[in-house]
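Close look at the chain arrangement
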Amino acid sequence: MAETKFRELAQLGERMERTKKRLEIAGMVAEFLRGLAEEEIGPGVRLLIGQVFPEWDSRTLNLSWRAVQSVLSELADLGRAERGKISAEVVDTGEWARLALERFPKAKPQPPPLTLLEVYRTFEEIAGTSGPGSRGEKERLLKSLLQRATPVEAKYIVKDVIGEMRHGAQEGMILLAIARATKVEQSLVTRANMLSGDLGEVAKVALVQGEAGLARINPRLFRPLKPMLAQVAEGVEEALREHQGETALEYKLDGARVQIHKEGEEVRIYSRHLSDVTVSLPEVVAQVKTGLVADKAIVEGEVIAVDAAGWPRPFQEVMRRFRRIHDLEAIQKAVPVRLYLFDALLRNGQSLVDLPYEDRWQVLRDISGDLSLVERIIPGDEKEGEVFLHKAQEAGHEGVMTKSLKSPYTPGVRGKAWFKIKPAVSLDLVIIAADWGYGRRHGWLSNYHLATRDEETGEFMEVGKTFKGLTDKEFEEMTQRLLDLEISRDGGTVYVQPKTVVEVLFNEIQKSPHYPSGLALRFARITRLRDDKSAQEADTIQTMRQLFAAQFEKKGG
Ligand code: ATP
C-alpha cells in the first residue's frame, strides 16, 4: 500500500470546513480512516484533531506562534509590512500560513510530496529536541516541512503546531467516525477513549481489532487517566433526589487532586492535569510505597496542606508544593501535606473502572492499609446529609462531594454521578428589571434581573436572574415597589430604576456568552432585601471577576 500523502489530510480538513453537517463530516472522516495503513491510523487521527500527542504524554513541540511566523517569513521573504497586511486580514494561524505561502511563493524545484508519516515523525523529532540550541533545531525541522508543503498543507501543519483546529473534527466527531468506520457501537468506542486517553490508539484498535480489541482497553499503569468530574448541586436534597437516595457523601477537601500509580517499588503521582508531580511529593511517595497493600494499583485522592495541628490550610499552599522540584526538604517542613484517598481504579492489574462506586470503595478499603481515606457516610436521609455537610465545613473543608453508589468511574466526564456541594457565597446585587410571572406567580413581577455595578463606568451589568427566595407576600410587595420604579416595558419585562438592593446567594460563577458582563451566577436565590444599602454600595463586577478568577485558578486553568 502506498504511503498516504499529507495532502489527503489537508484536503479532508478543507472539505470539513465547508460543511456544518455532523453526519456528513463523520462520513468523510470514516472514509479517510478506512484508507489508512495500520501504522498511519494513530498519527493520522492525532494530526487531524490538532493534538499531536495525547494529554497524558508529556512531550510537547514547544514552538511558539512567533517562531512559526519567523520560519514562514523566511520562506516567503516577508517583510514587516507584508506580515502586518496578512495579520490584518486573517486571525487563524493556519490561514496566515496559507496566505503567506500563496502570495509570496518562492521559486523552488518541485519537491517530493510530504507523506502523513513524514510529518508526524518530524513532529516527534521536534518534540525530542531539547537543551541549548534546541530552538534553532526545532525551527530548522519545521522549515524542512514547510519548505516542501503546498500552501494548504502548510495551513494544516501550522494548525497542528499551534494546536488549533477549527474544522469540527473534535473528539466527539472522531468517535462517531470511528463507530461508523467499524460498525462498532459508539458507547464502546467512547469507553475505550476515556480509558486510553488517545484517540489515535482507539481508532487503530477499532479498525484493526474491532469490538473485541476495544473491550480489552483498560487503565494502564503509569499512563494517567483524566479525572472523573462533578457537577455543582445546590444542596444535599438535590443530590439525594438525583441519585434516588443511593448516594455517599464525602468531605470535599480543599487541596490538589492526585492519581497514584504503583507497581512494586515504583510509585508515580500525577496531577489533575496529568503532569507527573512525583518528585515534588517525596513523603507521599514513601507513604504509598509502604502503605498501599497491592502490588499493582491505581488510586485517587486529594493532597492537602495542613498546619501543625493537622488543620487544613488554603489550597494555594499545597500548590506551592506541586510546583517545587528543588530544596524539597525545606518546603516539606514549611508546608506539610497529607494524603486522603477516595477512589481505586486498578488493583493487581485488574481494572475497577466499570465497577459501581460502592464496590470500588470496598476495594480501596481493602488495599489502603494505614493510608487515610477521606471521611464519608451513606446518609439515611437529607437531615443526616445536612449534618455531615455542616461537620465538613466545621472541620475546615470546602463542602462535600456526593457520589452515586452505583456509578462506574468515567474518566474526563462531568456528569451527574458526582456532585459537589459547596457553601454558597453571597453578593449584594441590584434589581434592574423583572418579568411577569405565570402559573402560580401570575400577576406578580417575579423573575428578577440581577446586576452588579461597574466601578469604572458606574453602569449596572446583568449577571443573572432568579425567581427564588421570596414568599408570596414578599412577591406582592416587590411587585408594587418595582412598578413604582418603572422606566419602560418590553414584552413581559418591566425595566426599573436601579434602586433595589438584594442579598443573593449562589453556588458558582460561570462564563456566559449571554450577558455583556461575560459572567453569570449559578443557582442564584434572594435571601433578603438590603434596604440599608444604596445601589452605589452594591457589589461590583470587579469583585465578581475576582471571585471568578479565584474559582478558575483552583481548577488549574
Ligand atoms: P473544583 O474547583 O470545585 O475543585 P474541579 O473542576 O477541579 O472543581 P470537580 O470534579 O468539579 O473538579 O470537583 C471535584 C474536585 O474536588 C476534584 O477535582 C478534587 O480535586 C476535589 N476533591 C476534594 N475532595 C474530593 C473527594 N472526596 N472526591 C472527589 N474529589 C474531591
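Everything below is about the structure printed above this text.
A word on the overall build of the chain. In terms of regular secondary structure, the chain is built from 20 helices and 19 strands. Projected onto the principal axes, the alpha-carbon positions of the chain cover approximately 85 × 65 × 50 Å. In the chain, which comprises 557 residues, the proportion classed as buried is 52%. Counted over contacts in the chain with a minimum sequence separation of 6, partners at least 24 positions apart contribute 71%.

Mapped onto the secondary structure, Arg 180 falls in helix H10 (residues 171-182). Between the C-alpha atom of Arg 180 and that of Leu 23, which follows or precedes it by 157 residues, the distance is 9.7 Å. Beyond its immediate sequence surroundings of up to four residues, Arg 180 is in contact with Leu 23, Ala 26, Gly 27, Ala 30 and Arg 34.

What follows covers the layout of surface pockets. In this structure, the second largest pocket spans a volume of roughly 310 Å³. Partitioned by chemical class, the residues of the lining of the second largest pocket number eight nonpolar, seven polar and four charged.

Most often, soluble globular proteins have nonpolar side chains that are buried together. In this structure, Phe 123 and Ile 157 are the most contacted members of the largest nonpolar core, which totals 137 residues. The element best represented in this core is strand S6 (residues 337-347), accounting for eight residues. Two domains each donate at least three residues to this core, and these are domain 1 (51-162) and domain 2 (229-421). Contact partners of Phe 123, with chain neighbours within four places excluded, come to Leu 47, Val 52, Phe 53, Leu 61, Leu 145, Ile 157, Asp 160 and Val 161. Counting residues in hydrophobic clusters, the runner-up holds 28 residues, among them Leu 470, Phe 475, Met 478 and Leu 521.

Here we come to the site of the ligand. Neighbouring the ligand are 19 residues, the closest being Ala 230, Arg 272, Glu 302, Arg 414 and Lys 420. The contact in question runs from an oxygen atom of the ligand to an N or O atom on the side chain of Arg 257, over 3.0 Å. Taking Lys 420, its side chain carries an N or O atom lying 2.6 Å from an oxygen atom of the ligand. Protein chains bury 98% of the 590 Å² of accessible surface belonging to the ligand in isolation. Only strand S1 (229-232), strand S2 (247-252), strand S10 (399-404) and strand S11 (414-421) provide two or more residues apiece to the shell around the ligand. The class makeup of the residues in the shell around the ligand is eight nonpolar, no polar and 11 charged.

Right, let's talk about a negative patch on the surface for a bit. A contiguous patch of negative charge, built from Asp 381, Glu 382, Glu 384 and Glu 386, is present on the exposed surface. Mapped onto the fold, Glu 384 is located in helix H18 (residues 382-394). Owing to a relative accessible area of 38%, Glu 384 belongs among the partly exposed residues under this scheme.

In this structure the tally under the stated criterion is one cavity of 30 Å³ or more. The wall of the largest cavity is formed by Glu 55, Trp 56, Met 194, Leu 195, Ser 196, Gly 197, Arg 223, Pro 224, Leu 225, Lys 226 and Leu 274. Split by residue class, the lining of the largest cavity holds six nonpolar, two polar and three charged.

Moving on to the packing of helix H6 (residues 93-103) against helix H9 (residues 151-162). With their axes 7 Å apart at the nearest point, H6 and H9 run at an angle of 145 degrees to one another. Of the two possible hands of crossing, H6 and H9 adopt the one that is right-handed. Here Thr 93, Gly 94, Glu 95, Ala 97, Arg 98, Leu 101 and Glu 102 of H6 lie close against H9, whose contacting residues are Pro 151, Val 152, Ala 154, Lys 155, Val 158, Lys 159 and Ile 162. For the contact of H6 with H9, the per-class residue count stands at seven nonpolar, two polar and five charged.

Quick look at the sheet that holds S2 now. Whenever strands of a sheet pair, they do so through backbone hydrogen bonds, lying parallel or antiparallel. Spatially, S1-S11-S10-S2-S9 is the arrangement adopted by the five strands of the open sheet, whose pairing is mixed. In the strand order of this sheet, the two ends are held by S1 and strand S9 (376-377), each with one partner. In this sheet, S11 lies alongside S1 in parallel orientation, the contact comprising four bridges. Residue pairing across strands places Gln 231 opposite Phe 419, the latter belonging to S11.

This part covers the pattern of salt bridges. Evaluated as defined, the whole model comprises 48 salt bridges. Between Glu 89 and Arg 103 there is a salt bridge; the shortest N-O distance is 2.6 Å. Of the two residues, Glu 89 is situated in helix H5 (residues 80-89) and Arg 103 in helix H6; the sequence distance between them amounts to 14 residues. For Arg 268, the salt bridge identified is with Asp 276, shortest N-O distance 2.7 Å. With a relative accessible area of 37%, Asp 276 lands in the partly exposed category.

What follows is about the pairing of strand S4 (residues 266-270). The sheet contact formed by strand S3 (residues 256-263) and S4 spans five bridges and is antiparallel. The residue of S4 that forms the bridge with Ile 260 is Ile 269.

Moving on, we get to the environment of Glu 118. Checked against the element boundaries, Glu 118 lands in helix H7 (residues 116-128). Taking the relative accessible area as the measure of exposure, Glu 118 reaches 30% and is therefore partly exposed. C-alpha separation for the pair Glu 118 and Asp 307, spaced 189 residues apart in sequence, amounts to 54 Å. Residues in contact with Glu 118, not counting those within four places in the same chain, are Pro 113, Leu 145 and Arg 148. Within polar-contact distance, the side chain of Glu 118 engages the backbone nitrogen of Thr 115 at 2.9 Å.

Attention now moves to unusual backbone geometry. Positioned with a positive phi, Asn 62 is a non-glycine residue whose angle comes to about 60 degrees. Along the chain, Asn 62 turns up in the loop between helix H3 (38-49) and helix H4 (65-76). The class for Asn 62 is exposed, based on a relative accessible area of 61%. Even without being a glycine, Asp 77 presents a positive backbone phi close to 55 degrees. Overall, Asp 77 belongs to the exposed group, its relative accessible area being 54%.

Calculation notes
- Residues numbered from 1 in each chain as written.
- Predicted model: local features only at pLDDT ≥ 70, side-chain atom pairs only at ≥ 80, totals over all residues.
- Heavy atoms only, no water.
- Helix = DSSP H or I, 4+ residues; strand = E, 2+ residues; numbered from the N terminus.
- Buried < 20%, exposed > 50% of the residue type's maximum accessible area, 1.4 Å probe, protein only.
- Contact = heavy atoms within 4.5 Å.
- 1 Å grid on protein atoms, 1.4 Å probe; cavity = no way out; pocket = protein on both sides within 12 Å on 5 of 7 lines; lining within 4 Å.
- Points joined across faces, edges and corners; volume = space filled by probe spheres on them.
- Nonpolar A, V, L, I, M, F, W, Y, C, P; charged D, E, K, R; others polar.
- Core = buried A, V, L, I, M, F, W, Y, C linked by side-chain atoms within 4.5 Å.
- Domains from an automatic or database assignment.
- Near = heavy atom within 4 Å.
- Polar contact = N/O pair within 3.5 Å; in protein donor to acceptor, adjacent residues only side chain to side chain.
- Areas by Shrake-Rupley, 256 points an atom, 1.4 Å probe, with all protein chains shown as cover.
- Patch = residues over 30% accessible without salt bridge, like charges linked within 9 Å, V, L, I, M, F, W, Y side chains within 5 Å.
- Salt bridge = Lys/Arg side-chain N within 4 Å of Asp/Glu carboxyl O.
- Lys, Arg positive; Asp, Glu negative; His and termini not counted.
- Charge placed at Lys NZ, Arg CZ, Asp CG, Glu CD.
- Axes fitted to C-alpha atoms, helices over the stretch in contact; angles between N-to-C directions.
- Left-handed = near helix turned anticlockwise from the far one by under 90°.
- Pairing = 2+ DSSP bridges.

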